[in-house]
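# Tertiary structure, described
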Amino acid sequence: HTHPIFYGNRSNEFTMRVKGKTYEEIAKLGGGILSSIKNVRNASEEELFNESLIRVNYFLKHGTTTIEAKSGYGLTLEDELKSLRVIKKIQKYSKLDIVPTFMGAHAFPPEYINNKEAYIDLICNEMIPLVSREKLAEYCDIFCEIGYFSKKQSYKILETAKKYGMKIRLHADEFMDSSAAELAAELGAVSADHLMAASDIGLEKMAKEGVIATLLPGTTLFLGKSSYANGRKMIDLGCKVALATDYNPGSSTIQSMPFILSLASLYCGLSVEEGFIASTWNGACALNRENTIGSIAEGYQADLLFWDINNINEIPYWMGSDRIKHVMKKGNFI
């Protein structure tokens, strides 16, 4: 779960938050996702590619060898296609494996703020068909949350994506219970992510339908909040839990999965072993890649990390100083 296709940065917003403004207040002032939308729209495809390529390669330095990368900072037909083409091009120039996700339903763009149904029609009638035709995305994602896309709107978009052959995933119940976890179960999503405010009923339904719960504790930390997702409860309710960075320009610039594992152990109720599995095998399951990556086994891709540690307890223990000596990708040291 990453959003690495953006242009420029939003460090000014970080400073504003340090001075006391909330993420929501900054968004109302024209910051937040809208700021990134403006920058992506103004950038050429070449500019967007050059910045994004440098950025994604930092994942390799922290031991991540496969990411899921979302569009969602363009929110026009042209700019969403541009972002997805950049993801496709990066795969040719980086040793990182990238799983592309279309997220035209990241937010309502300013020009549609008073005509939301027209934007949903644009996604369903033009964006999804073209993304499918050009084979630019394996998944479709949506921000199903009160104040963003409602459960009904999300259902329409995700059902359309399924008809065009995309697998689905959701940003679900991040700020309040929007019944997004239940929708993820109903639609057979591969994963539902965030889940800080998900109901027990929603989590139970996810567990029953095999929807993976992806936790993003770096976002909670980066925004200076304390409402971490209760991974312990999710596991106890039968959910398979994965971990991810949610790397993006506004709410988490963290690219280190070892650091995310530290946060999950301290604040999400996961044991070190559970966090390790959530960062490897379960992460692969959340991308339907569990037959090729996420485990060291015969017939699997040789994506291996070589650590300067004695056991996995040291991965979260050495917080912020990844003890990775070597990274191997597909059998080659990089």
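Predicted, not measured: the structure shown is a model, and the values here were computed from it. (Residues numbered from 1 in each chain as written. Predicted model: local features only at pLDDT ≥ 70, side-chain atom pairs only at ≥ 80, totals over all residues. Heavy atoms only, no water.)

## Observations concerning the overall build of the protein
On a plain count of helices and strands, the protein comes out with 15 helices and 10 strands. Against the compact-globule benchmark of 20 Å for 334 residues, the protein has a radius of gyration of 19 Å, which places it among compact chains. C-alpha extents for the protein along the principal axes are approximately 55 × 45 × 45 Å. The proportion of buried residues among the 334 residues of the protein is 53%. If you take every contact in the protein between residues at least 6 apart in sequence, the share linking residues at least 24 apart comes to 69%. Looking at the protein, you have 37 positive and 40 negative side-chain charges, and the mean spots of the two groups are 3 Å apart. (Helix = DSSP H or I, 4+ residues; strand = E, 2+ residues; numbered from the N terminus. Rg over C-alpha atoms; globule rule 2.2 N^0.38 Å. Buried < 20%, exposed > 50% of the residue type's maximum accessible area, 1.4 Å probe, protein only. Contact = heavy atoms within 4.5 Å. Lys, Arg positive; Asp, Glu negative; His and termini not counted. Charge placed at Lys NZ, Arg CZ, Asp CG, Glu CD.)

## Focus: a positive patch on the surface
Taken together, the side chains of Lys88, Lys89, Lys92 and Lys135 define a basic patch exposed on the protein surface. With respect to the helices and strands, lysine 135 occurs in the loop between helix 6 (116-133) and strand 3 (139-144). (Patch = residues over 30% accessible without salt bridge, like charges linked within 9 Å, V, L, I, M, F, W, Y side chains within 5 Å. Areas by Shrake-Rupley, 256 points an atom, 1.4 Å probe, with all protein chains shown as cover. Salt bridge = Lys/Arg side-chain N within 4 Å of Asp/Glu carboxyl O.)

## Describing the sheet that holds strand 2 (residues 97-105)
Strand order in the open sheet formed by seven strands is 1-2-3-4-5-6-7, and the pairing between neighbours is parallel. What marks the edges here is a single partner per strand, and that holds for strand 1 (66-70) and strand 7 (241-243). Neighbour-to-neighbour, the strand axes of the sheet open up by a mean angle of 30°, direction not taken into account. (Pairing = 2+ DSSP bridges. Axes fitted to C-alpha atoms, helices over the stretch in contact; angles between N-to-C directions.)

## Looking at the pairing of strand 5 (residues 191-194)
Judged from the four bridges that link them, strand 4 (residues 167-172) and strand 5 form a sheet pairing that is parallel. The partner of histidine 171 across the bridge, within strand 5, is aspartate 193. Two strands pair when backbone bridges link them, and strand 5 and strand 6 (residues 212-215) are joined in this way by three bridges, in the parallel orientation. When the sheet's bridge partners are listed, aspartate 193 is paired in strand 6 with threonine 214.

## Structural notes on the side chain of aspartate 246
Within the fold, aspartate 246 resides in the loop between strand 7 and helix 12 (257-267). For the buried aspartate 246, no salt bridge exists, and the shortest N-O distance to an oppositely charged side chain is 7.1 Å, to lysine 70. In terms of polar contacts, aspartate 246 uses its side chain to reach the side chain of histidine 3, at 3.4 Å. Sequence-distant contacts of aspartate 246, defined by excluding residues within four places in its chain, comprise His1, His3, His194, Leu216, Thr219, Ser251 and Ser252. (Polar contact = N/O pair within 3.5 Å; in protein donor to acceptor, adjacent residues only side chain to side chain.)

## Topic: the sheet that holds strand 8 (residues 304-307)
The strand order across the open sheet formed by three strands is 8-9-10, and the pairing between neighbours is antiparallel. Strand pairing shows two members of the sheet lacking a second neighbour, strand 8 and strand 10 (332-333), which therefore form its edges. Two elements, strand 8 and strand 9 (residues 324-329), share four bridges in a ladder whose sense is antiparallel. The residue of strand 9 that forms the bridge with tryptophan 307 is isoleucine 324.

## Some words on the nonpolar core
Core analysis: the largest hydrophobic core is formed by 79 residues, its most contacted members being Phe102, Ile157, Leu170, Leu195, Met206 and Met234. Among the elements that make up this core, the one with the highest residue count is helix 6 (eight residues). Non-local contacts of leucine 170, meaning those with residues more than four positions away in its chain, are made with Asp141, Ile142, Cys144, Leu158, Ala180, Leu183, Ala184, Ala189, Ser191, Ala192 and Asp193. (Core = buried A, V, L, I, M, F, W, Y, C linked by side-chain atoms within 4.5 Å.)

Note that every value here comes from positions in space, so none of it alone points to a role or purpose.
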